[in-house]
Amino acid sequence: MKYDFSFQNATKIYFGKDSLNNLEAELNNYGKNILLAYGGGSIKKNGIYDKVIAILNKCNKNVIECSGILPNPALSKMLEGAKLVRENNVDLILAVGGGSVVDCAKGISVASHYEGDDVFQRYWVDCAPLGDHKLVPVASVLTMVGTGSEMNGGSVISDTVNKIKNGRVFPPIVYPKFSILNPEFTYTVPKYQMVSGVFDIMSHLMEQYFSGDDDNTSDYLIEGIYKNVIRAVKIAIEDPTNYEARSNIMWDATVALNQLVACSKTQDWEVHMIEHQLSAYTDCAHGMGLCAISMPYYRYIYKFGLHKFVRFAKEIWKVDATGKTDEQVALEGIDCMEKFAKECGMVTTLKELGATKEMLPDIANSCILGGGYKEVTHEEILEILKNCYE
């Protein structure tokens, strides 16, 4: 382990078929006023809303609803939720939905008692340290997997007016206090959203894996999780209600981004930076955007971390290196990932996501620059985007 690190995670996890039974006891630790945050209404169709409301009523809670949170949560909705918190003296924000809802709930917590009209600029663009203003506790009942937001401080918010989508990792004080993970709640998620979430998991793992040059415990953990994702998603596509597959995917998503496998890793995250601006312009599904960008991006940078891409090809995709150069092995590994993505029904071109060629320069020029094995320029990002297009 080459680099020193500190690790802390403040979230309590309740996992399994009966995990919702723990909500009542947890709610008793908080005051009367609960902001219930959720998305477009799918939780009402699948019955999860009724189950949560019944528990809230049993606990004699006053429920204030903040609905309509989008898959790419908007700054305007975050500010609307923050206003509801202030007006109703909210004691707990309960996010019921996928990672976007949980991301927005954290944003609502941070913004609700912030004094000023620059909260997005200060905390999501400038990434300033948190001030000493009040934060409202957040908790979650997860219904879709991928982001890992149920057990981390991540919050990705879109300023739709200015076409800026930025993510921020807040310190443990912002993490959900508890999260309820019942894999059965993911059964009704459509295949498109499910496999989009799966590539989000894969991308989180790769953003951490493709960095550093040491023999790192985190890399071995990442390889194990990644291989399990590949195994489980194949089963879940064929049998959407297979509990073993769904439960493995759910926990893989959580562990992939709860900071554990980031320990002693320098990390990359440029694929995410590019995708954030892609979805700021197209409003595409996050995981599908990551998938379309990843293969061209990694083909562009692989030579700068050749040893790790060779390891990735051999360990994850079982590429036979006999008679092949390291470059050939590395590229074959990326080809295997692309083949797997297409077999799962994931999107591999920007054109499929609604991007136009005219958008590409604006997307490239608005990206935050960084990288792992290679720091890319705006001009290089544009070249990558052109290679993603069709």
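Conventions and cut-offs
- Chains are numbered independently. Their residues run from 1 in the order of the written sequence.
- Note on the predicted model: pLDDT of at least 70 is required for a residue's local features to be given, and 80 or more for side-chain atom pairs to be given and counted; whole-chain, interface and lining totals, by contrast, use all residues.
- Here the side-chain values reflect all heavy atoms present in the structure, with hydrogen atoms and water set aside.
- Each helix is a run of DSSP H or I of at least 4 residues and each strand a run of E of at least 2, with the numbering of both proceeding from the N terminus.
- Our radius of gyration is a C-alpha quantity, and the globule rule it is checked against amounts to 2.2 Å times the number of residues to the power 0.38.
- Partly exposed residues are those whose accessible area sits between 20% and 50% of the maximum for their type, while under 20% is buried and over 50% is exposed, using a 1.4 Å probe and protein chains only.
- By the convention used here, residues are in contact when the closest approach between their heavy atoms is within 4.5 Å.
- The protein chains shown are the only cover counted for residues, whose accessible areas, like all others here, come from Shrake-Rupley with a 1.4 Å probe.
- We treat Lys and Arg as the positive residues and Asp and Glu as the negative residues; His and chain ends play no part in the count.
- To locate a charge, the coordinates of NZ of Lys, CZ of Arg, CG of Asp or CD of Glu are taken.
- Segmentation of the chain into domains, including their bounds, is taken from an automatic or database domain assignment.
- Using a 1.4 Å probe, buried area is obtained as the accessible area two parts lose upon being combined, added over both of them.
- At least two DSSP bridges between two strands are required for those strands to pair.
- For helices, the axis comes from a line fit to the C-alpha atoms of the stretch in contact; other axes are also lines fit to C-alpha atoms, and the angle between any two N-to-C directions lies between 0 and 180 degrees.
- UniProt positions are given in the numbering used here, feature names are shortened, and annotations may be inferred rather than shown by experiment.
- Think of a 1 Å grid over just the protein atoms. A cavity is a set of points where a 1.4 Å probe fits yet cannot get out, a pocket is an open set with protein on both sides within 12 Å along at least five of seven lines, and lining residues have an atom within 4 Å of a point.
- Grid points are joined across faces, edges and corners, and a volume is the space filled by probe spheres set on the points.
- For a helix, the expected span equals 1.5 Å multiplied by the residue count minus one.
- Between N or O atoms, a polar contact is any pair within 3.5 Å; within protein, one atom must be a potential hydrogen donor and the other a potential acceptor, and residues adjacent in sequence are included only when both atoms are from side chains.
- Two rings from Phe, Tyr or Trp (for Trp, the six-membered ring) form a pair when their centres sit within 6.5 Å of each other. Planes less than 30 degrees apart are called stacked, planes more than 60 degrees apart edge-to-face, and all others tilted.
- In our convention, an over-ring charge means Lys NZ or Arg CZ found within 6 Å of a ring centre and within 35 degrees of that ring's normal.
- Asp, Glu, Lys and Arg are counted as charged, while Ala, Val, Leu, Ile, Met, Phe, Trp, Tyr, Cys and Pro are counted as nonpolar; the rest, among them Gly, fall into the polar class.

### With respect to the overall build of the protein
Right, so step 1: Assigned secondary structure in the protein consists of 15 helices and 8 strands.
Right, so step 2: Taking 21 Å as the expected radius of gyration for a compact globule of 390 residues, we find that the protein reaches 20 Å, a close match to that expectation.
Right, so step 3: Each principal axis of the C-alpha distribution contributes one length, and for the protein these read about 70 × 45 × 40 Å.
Right, so step 4: Relative to its 390 residues, the protein shows a buried fraction of 59%.
Right, so step 5: A fraction of 79% describes how many contacts in the protein between residues 6 or more apart in sequence connect residues 24 or more apart.
Right, so step 6: Total accessible area on the protein is roughly 15800 Å²; 49% of this is exposed by carbon and sulfur atoms.
Right, so step 7: Both charge centroids of the protein, one from 38 positive and one from 49 negative side chains, sit 4 Å from each other.

### Overview of the side chain of S109
Right, so step 1: Here S109 is to be found in helix α5 (residues 99-112).
Right, so step 2: Residues within four places of S109 in sequence aside, it is in contact with I93, K134, L135, V136 and V138.

### Side note on the domain arrangement of the protein
Right, so step 1: On domain assignment, one finds that the protein holds domain 1 (12-185) and domain 2 (190-388).
Right, so step 2: Put simply, the middle of domain 1 and the middle of domain 2, counted by C-alpha atoms, are 27 Å apart.
Right, so step 3: With 26 residues of domain 1 at the interface, the matching set in domain 2 holds 26 residues.
Right, so step 4: Summing both sides of the interface, domain 1 and domain 2 together bury roughly 2100 Å²; the carbon and sulfur share of this comes to 64%.
Right, so step 5: It is V145, K163 and K165 that lose the most area in domain 1 upon contact with domain 2, and together they represent 27% of the buried surface on that side.

### Description of the sheet that holds strand β1 (residues 12-15)
Strand pairing in a sheet relies on backbone hydrogen bonds, with the paired strands running either antiparallel or parallel.
Right, so step 1: Pairing is parallel in the open sheet, where 6 strands are placed in the order β1-β8-β5-β4-β2-β3. The sheet is open, and its two borders are formed by β1 and β3 (62-66), each paired with just one other strand. Taking each pair of neighbouring strands and ignoring which way they run, the sheet shows an average axis angle of 20°.
Right, so step 2: Here 5 bridges tie strand β2 (residues 33-37) to β3, and the two strands are oriented parallel to one another. Bridging across to β3, I34 finds its partner in V63.

### Some thoughts on the side chain of N228
Right, so step 1: Tracing the backbone through its elements, the reader meets N228 in helix α8 (residues 217-238).
Right, so step 2: Aside from chain neighbours lying at most four places away, what touches N228 is N248 and D252.

### Brief notes about the UniProt feature "domain: Alcohol dehydrogenase iron-type/glycerol dehydrogenase GldA" (unreviewed entry) in the protein
Right, so step 1: UniProt's feature table lists "domain: Alcohol dehydrogenase iron-type/glycerol dehydrogenase GldA" (unreviewed entry) at residues 11-183, given in the numbering used throughout.
Right, so step 2: Secondary structure across residues 11-183 divides into 31% helix and 24% strand, with the first and last C-alpha atoms of the span separated by 18 Å.

### Digging into empty space enclosed by the protein
Right, so step 1: Under the definition given, this model contains 1 cavity of 30 Å³ or more.
Right, so step 2: Volume-wise, the largest cavity comes out at about 70 Å³.
Right, so step 3: Along the walls of the largest cavity sit M144, V145, T186, V189, M194, V198, R246, I249 and M250, which together make up its complete lining.
Right, so step 4: Only α7 (191-209) and α9 (243-256) provide two or more residues apiece to the lining of the largest cavity.

### What to know about α9
Right, so step 1: Compared with an ideal rise of 1.5 Å per residue, which puts 14 residues at 20 Å, α9 spans 20 Å between its outermost C-alpha atoms and is within 8% of the ideal.
Right, so step 2: The buried fraction of α9 amounts to 10 of the 14 residues, a majority that puts the element mostly inside the structure.
Right, so step 3: Looking at the buried residues of α9, the elements they touch are β1, β5 (138-142), β8 (178-181), α7 and α8.
Right, so step 4: The opening residue of α9, the one whose side-chain oxygen lies 3.2 Å from the backbone nitrogen of E244, is N242.

### Here we look at the UniProt feature "domain: Fe-containing alcohol dehydrogenase-like C-terminal" (unreviewed entry) in the protein
Right, so step 1: The UniProt record annotates "domain: Fe-containing alcohol dehydrogenase-like C-terminal" (unreviewed entry) at residues 195-388.
Right, so step 2: Helix makes up 64% of residues 195-388 and strand 0%, and the two end C-alpha atoms of the span are 19 Å apart.

### Concerning the pairing of β8
Right, so step 1: Residues F178 and I180 of β8 are buried on one face, and the alternating residues S179 and L181, pointing to the opposite face, are buried as well.
Right, so step 2: As paired strands, β1 and β8 are joined by 4 bridges and run parallel to one another. Among the inter-strand pairings, F15 is bridged to a residue of β8, identified as L181.

### Overview of the packing of aromatic side chains
Right, so step 1: Inspection of every chain in the model, using the stated rule, returns 19 aromatic pairs.
Right, so step 2: Judged by centre distance (6.1 Å) and plane angle (50°), the rings of Y209 and F312 are tilted. One end of the pair, Y209, is in helix α7; the other, F312, is in helix α12 (residues 306-315), with 103 residues separating them in the sequence. For the pair formed by Y209 and F312, the shared burial category is buried.
Right, so step 3: These aromatic residues form a ring-pair network of at least three members: Y209, F210, Y226, Y297, Y298, F309, F312, W317, F340 and Y373.
Right, so step 4: Across from the ring centre of Y243, 4.6 Å away, lies the NZ or CZ of K17, which sits over that ring.

### Overview of the layout of surface pockets
Right, so step 1: For the second largest pocket, the calculated volume is near 240 Å³.
Right, so step 2: Along its surface, the second largest pocket is lined by 13 residues, and S6, F7, Q8, Y175 and Q259 are the ones closest to its centre.
Right, so step 3: In terms of residue class, the lining of the second largest pocket is made up of 8 nonpolar, 5 polar and no charged.
Right, so step 4: For the lining of the second largest pocket, the two domains that each supply at least three residues are domain 1 (12-185) and domain 2 (190-388).

### Side note on the environment of A74
Right, so step 1: Among the secondary structure elements, A74 is positioned in the loop between β3 and α4 (75-87).
Right, so step 2: Sequence spacing of A74 and S158 is 84 residues, and the spatial spacing of their C-alpha atoms is 4.7 Å.
Right, so step 3: If sequence neighbours within four positions are ignored, A74 has contacts with I157, S158 and T160.

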